[in-house]
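Residue strings, one per chain:
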Amino acid sequence: MRDDGAVTSSTPGPRIPAPSAPRLIATDLDGTLLRDDKTVSPRTVAALAAAEKAGIEVFFVTGRPARWMDVVSDHVHGHGLAICGNGAAVVDLHGGPGKHRFVKIRELTVPDALEVVRILRAAAPGTSFAVERTGGLHHEPTYPPLHVEPGESVAPAEKLLAEDFAGPDVADQPVLKLLAFHPDLGPDAFLTLARTAVGDLAAVTRSSPSALLEISARTVSKASTLELCCQERGISAADVVAFGDMPNDMEMLAWAGRSYAMGNAHPDVLTAATGVTGTNNEDGVARVIEELLAARATA
């Protein structure tokens, strides 16, 4: 990135011209749209509003569960949809805090989740698990208290996944993803190990700086669910501009016609994106949106 804030290419060779009139902007949240203090800057709020006013849809595409979307609920316009859980759910945010509505669910089946637990217990002893259902998070006793939430159940993963555990109200809630934490392995080493061990049984990725993996159904990713949403709207990949910073964004960045890794992105993410912008604390997403709208105005 130049000192004047202009967007530059992150890969060798000539820069691919950014589309002057994208139809949809897809952006990750943590480390991308949100600053480190988890706020949306005034500049970014203005850029999102300007994009929607210009007729460009904005999708928030995140690993966060629906109940953690309050940070951006006030900034949705138009359709008000978000892709949560790394593609496991499409959520309507219009209801406001605590009233989000699931529009689409792509669940991880219980048999597959149990098999993943079995595999990782053998491949990486010391791994602890949490189960993310549509109604909340449930975890093992050794799982770190990364986010304390009301209504959590605590038990071994095999019991958390049992049909009769905690009554039908919990068992009937689809599993969106497993979370697997290792206290000693490095984050990338754990990811590589888990992907090798699990194979094509499930999709394994990560977005945390710690050795915390996020495991979804085999075909579920930010990219695959975004593609489904775009198909419903008659929008092609060429009409999409995407932003991200971590390995769970890579498929989405590779799928979109134009994509930007943040200046603070994981090194591997730079290989998936067609460009690079400023960091999340430098309003990198807003910079690109402003550039796209300016190009559109002069086209």
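Below is a summary of the structure that appears in this document. (Residues numbered from 1 in each chain as written. Predicted model: local features only at pLDDT ≥ 70, side-chain atom pairs only at ≥ 80, totals over all residues. Heavy atoms only, no water.)

Our focus in this paragraph is the overall build of the protein chain. On a plain count of helices and strands, the protein chain comes out with eleven helices and 13 strands. Every one of the 299 residues in the protein chain was classed for burial, and the buried ones make up 54%. The long-range fraction of contacts in the protein chain, counting pairs at least 24 apart against all pairs at least 6 apart in sequence, stands at 58%. When the accessible area of the protein chain is evaluated, it comes to approximately 12500 Å², of which 55% is carbon and sulfur surface. (Helix = DSSP H or I, 4+ residues; strand = E, 2+ residues; numbered from the N terminus. Buried < 20%, exposed > 50% of the residue type's maximum accessible area, 1.4 Å probe, protein only. Contact = heavy atoms within 4.5 Å. Areas by Shrake-Rupley, 256 points an atom, 1.4 Å probe, with all protein chains shown as cover.)

Turning our eyes to something else, we now look at helix α8 (residues 222-232). For α8, the set of buried residues is Lys222, Ala223, Ser224, Thr225, Leu226, Cys229 and Cys230. Packed against the buried residues of α8 are β1 (24-27), β2 (57-61), β3 (81-84), β4 (89-92), β11 (240-244) and α9 (250-255). Near the N-terminus of α8, the side chain that reaches the backbone nitrogen of Ala223, with its oxygen 3.3 Å away, is that of Ser221. (Polar contact = N/O pair within 3.5 Å; in protein donor to acceptor, adjacent residues only side chain to side chain.)

Our next topic: the environment of Asp70. When you line up the elements, Asp70 lands in helix α3 (residues 70-73). Judged by its relative accessible area of 34%, Asp70 is partly exposed. The spacing of Asp70 and His100 is 30 residues in sequence and 9.3 Å in space, taken between C-alpha atoms.

Evaluated as defined, the whole model comprises one aromatic pair. Here Phe243 and Tyr260 contribute two aromatic rings whose centre-to-centre distance is 5.5 Å and whose plane-to-plane angle is 20°, an arrangement assigned as stacked. Of the two residues, Phe243 is situated in strand β11 and Tyr260 in strand β12 (residues 258-261); the sequence distance between them amounts to 17 residues. By relative accessible area, which is 0% here, Phe243 ends up buried. (Phe/Tyr/Trp six-rings, centres within 6.5 Å; stacked < 30°, edge-to-face > 60°.)

Moving on, we come to the side chain of Asp245. By secondary structure assignment, the location of Asp245 is in the loop between β11 and α9. For Asp245, which is buried and forms no salt bridge, the nearest opposite charge comes from Lys222, at a distance of 6.5 Å. Those residues in contact with Asp245 that lie beyond four places of it in its chain are Asp28, Asp30, Gly31, Thr32, Met262, Asn264, Ala265, His266 and Val269. (Lys, Arg positive; Asp, Glu negative; His and termini not counted. Salt bridge = Lys/Arg side-chain N within 4 Å of Asp/Glu carboxyl O.)

Judged by which residues are buried, β4 turns out to be covered on both faces: Ala89 and Val91 on one side and Val90 and Asp92 on the other are all buried. Judged from the four bridges that link them, β3 and β4 form a sheet pairing that is antiparallel. What sits directly across from Ala82, in β4, is Val91. Counted along the chain from β3 to the antiparallel partner β4, the turn is four residues long, and its residue Gly85 has a positive phi close to 60°. Alignment of β4 against strand β5 (residues 101-105), held across four bridges, turns out to be antiparallel. Among the inter-strand pairings, Asp92 is bridged to a residue of β5, identified as Arg101. (Pairing = 2+ DSSP bridges.)

Time to look at the pattern of salt bridges. What the rule picks out here adds up to 16 salt bridges. In this structure, the salt-bridge partner of Arg101 is Asp92, at a minimum N-O distance of 3.2 Å. Salt-bridge contacts for Glu232 lead to Lys104; the nearest nitrogen and oxygen are separated by 3.2 Å. Residue Glu232 is found in helix α8, and its partner Lys104 is found in strand β5; the two are separated by 128 residues along the sequence. Its relative accessible area of 23% is what places Lys104 among the partly exposed residues. One salt-bridge network, held together by shared partners, links Glu57, Lys104, Glu232 and Arg233.

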